[in-house]
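As a plain string of letters, each chain reads:
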Amino acid sequence: MIKSAVVLILPLVLLAVAPARGAGLYVGGSVGASYVGLSWENVDIEDLEISGADFAWKVFGGYKLIPFLSLEGGYRDLGSVSDSFEDIVYGAETSGWDVEAMGIIPLGVAHLWGKAGYFWWTSKTEEGGEAGEDTGSDFMWGLGADVSILMIALRLEWEKFEIEDAEHISMLSGGVTFGF
């Protein structure tokens, strides 16, 4: 009986004291650019490498547990890259869901953070006119900073996705968050 009462009351107490400790729920969105490098092996006896940048965006939500720790998750579209080799188009468009933990260094109205988590991705590919789809989940990490005034924060961040089939995939973005 006591355990049940603690399980019911503890979340209410944490929600009540969260705003006083610089914690709480937030939502936001960011736009920026993705930088992608892909490679295909044995494309007519050669390896083909594609690198490029495209418009990228994400929407996210999170909960700051304490001033130094937050959990965040969201959906992102990393855009697409493509190139052709001997008049055959090769390309990929990647998007997916992510979740990460953020370690935060509060500096008054500014905050610096590092994040690490997982990215569940879907990549739609084109290889010589044939469409395909690949899915997976891989480690991601990033660095960022924000400046907050009242319950609104402006943020700048860089994130790296460790997708094993890609040479590199990263996203540089700026955005806004709204706290509750």
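Please refer to the structure placed before this passage.
A short tour of the structure in this document, coming up.

Scoring rules and cut-offs
Residues numbered from 1 in each chain as written. Predicted model: local features only at pLDDT ≥ 70, side-chain atom pairs only at ≥ 80, totals over all residues. Heavy atoms only, no water. Patch = residues over 30% accessible without salt bridge, like charges linked within 9 Å, V, L, I, M, F, W, Y side chains within 5 Å. Areas by Shrake-Rupley, 256 points an atom, 1.4 Å probe, with all protein chains shown as cover. Salt bridge = Lys/Arg side-chain N within 4 Å of Asp/Glu carboxyl O. Lys, Arg positive; Asp, Glu negative; His and termini not counted. Charge placed at Lys NZ, Arg CZ, Asp CG, Glu CD. Helix = DSSP H or I, 4+ residues; strand = E, 2+ residues; numbered from the N terminus. Buried < 20%, exposed > 50% of the residue type's maximum accessible area, 1.4 Å probe, protein only.

## Thoughts on a negative patch on the surface
Taken together, the side chains of E133, D134, E164 and D165 present a region of like negative charge at the surface. Mapped onto the elements of the fold, E164 is located in the loop between β7 (152-161) and β8 (166-179). When its relative accessible area of 69% is taken as the criterion, E164 is described as exposed.

## Describing the pattern of salt bridges
A full pass over the atoms with the stated rule returns ten salt bridges. Close ionic contact of K115 with E100 constitutes a salt bridge, the shortest N to O distance being 3.6 Å. Placement of the pair is K115 in strand β5 (residues 110-127) and E100 in strand β4 (residues 88-107), with a sequence separation of 15 residues. Residue E100 is classed as buried on the basis of its relative accessible area of 4%. Where E159 meets K115, a salt bridge forms, and the shortest distance between an N and an O atom there is 3.0 Å. Pair noted here: E159 is in strand β7 and K115 is in strand β5, with a separation of 44 residues, a long-range link. Residues joined in a network through salt bridges with shared partners are K58, E72, R76, D98, E100, K115, R155, E157 and E159.

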